Amino acid sequence: MKPIIGITADYIFEVKGNYPNPMPMDLVAGNISIAVRQAGGIPIILPTAPEEAARSYADIIDGLILSGGYDVDPSFYGQDTRALTGITCPERDLSELSLTDEMVKKNKPVLGICRGLQIINSLFKGTLHQDLSYYKDAYLKHQQETPMKHATQKVSIKAGSYLADLIGEEAAINSLHHQLINEVGEGLEVVSRAKDGAVEAVECMEDGRSILAVQWHPEDMFETDESQMRLFTDLIERSK
Ligand SMILES: [Mn+2]
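Being a predicted model, the structure only gives us computed values, none of them experimental. (Residues numbered from 1 in each chain as written. Predicted model: local features only at pLDDT ≥ 70, side-chain atom pairs only at ≥ 80, totals over all residues. Heavy atoms only, no water.)

What follows deals with the overall build of the protein. Along the backbone of the protein there are six helices and 13 strands. Computed over C-alpha atoms, the radius of gyration of the protein comes to 17 Å, within 12% of the 18 Å expected from 2.2 N^0.38 for 240 residues, which places it in the range of a compact globule. In terms of overall dimensions, the protein has a C-alpha envelope of 50 × 50 × 35 Å along the principal axes. Classification of the 240 residues of the protein by burial places 55% in the buried group. Sequence separation of 24 or more characterises 67% of the internal contacts of the protein that already satisfy a separation of 6 or more. Working note: accessible area of the protein is about 10,700 Å², and carbon and sulfur atoms make up 50% of it. Across the protein, 22 positive and 36 negative side-chain charges occur, with their mean positions spaced 2 Å apart. (Helix = DSSP H or I, 4+ residues; strand = E, 2+ residues; numbered from the N terminus. Rg over C-alpha atoms; globule rule 2.2 N^0.38 Å. Buried < 20%, exposed > 50% of the residue type's maximum accessible area, 1.4 Å probe, protein only. Contact = heavy atoms within 4.5 Å. Areas by Shrake-Rupley, 256 points an atom, 1.4 Å probe, with all protein chains shown as cover. Lys, Arg positive; Asp, Glu negative; His and termini not counted. Charge placed at Lys NZ, Arg CZ, Asp CG, Glu CD.)

Structure below.
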């Protein structure tokens, strides 16, 4: 049987035309499901849930993709909210932190995308720069306005890392984030940086763990970039 890959959904309160109240929506970019199917997995979308329900997802999925979305609430990495943090959704944060913790306990594989990398870093007690302007070395455009299927930066990947074995020691990536890792979570290894030093990928493949996370969006590039597709085929392999 093909591995079942859970994809976390965003939790958005959307105002509907003729609906009297804002409606909570469990929504996620469809490209991720397409990538999982093409890579040989069965995608299922996981709604935001209270802690115990979120943990129970780990019983039914073989692998997890943490998708992009709102800023992680700084309370989850021990900080007050600074002026330039955007919208946060603590319910989603708690749901994803609980589920990811359970996946890690079960030694099941995780792929973090964008915010997903930041959730993983928070789970391992790291911190974020709450805005690019708080990271003094930033000079690259990390919130590209070019369509996301196009790469706008080249990042280096650490020789000998799991990620380098997978896609090589350099990758052309897109970029759409205004927060980034500051202090790296305990047990995570930084394996990719942009030319301005911004952390672009972390991994932990030791002690039975199977965690890889990227700050960029491979789901928008996999159709034209075979190395980005490998992030998904690798997750499916790790989930078997
Ligand atoms: Mn970037």
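Here we come to the pattern of salt bridges. Side chains carrying opposite charge are able to pair once their charged atoms draw close together. Counted according to the given criterion, the structure contains 16 salt bridges. Two residues, R92 and E96, come together in a salt bridge whose shortest N-O distance is 2.9 Å. On the criterion of helical spacing, the pair formed by R92 and E96 is a turn pair, its members being four residues apart in helix 3 (residues 90-105). The exposure classification of R92 matches that of E96, with both residues buried. Among the ionic pairs, R115 bridges to E96, the shortest N-O distance being 2.8 Å. Taken together, the residues R115 in helix 4 (residues 115-123) and E96 in helix 3 connect sequence positions 19 residues apart. Assessed through its relative accessible area of 1%, R115 is described here as buried. (Salt bridge = Lys/Arg side-chain N within 4 Å of Asp/Glu carboxyl O.)

So, about the coordination of the manganese ion. Summarising the metal site, the manganese ion is bound by the protein donors H142 (ND1), S175 (OG), H177 (NE2) and E200 (OE), whose distances to it range over 2.2 to 2.3 Å. Positions of the donor residues of the manganese ion, expressed as sequence spacing, correspond to H-x32-S-x1-H-x22-E. Of this pair, H177 sits in the loop between strand 9 (170-173) and strand 10 (180-181) while E200 sits in strand 12 (residues 199-204), and the two are 23 residues apart along the sequence. Under the relative-accessibility criterion, H177 is labelled buried at 4%. (Donors = N, O, S within 2.8 Å, 3.2 Å for Na, K, Ca; no water.)

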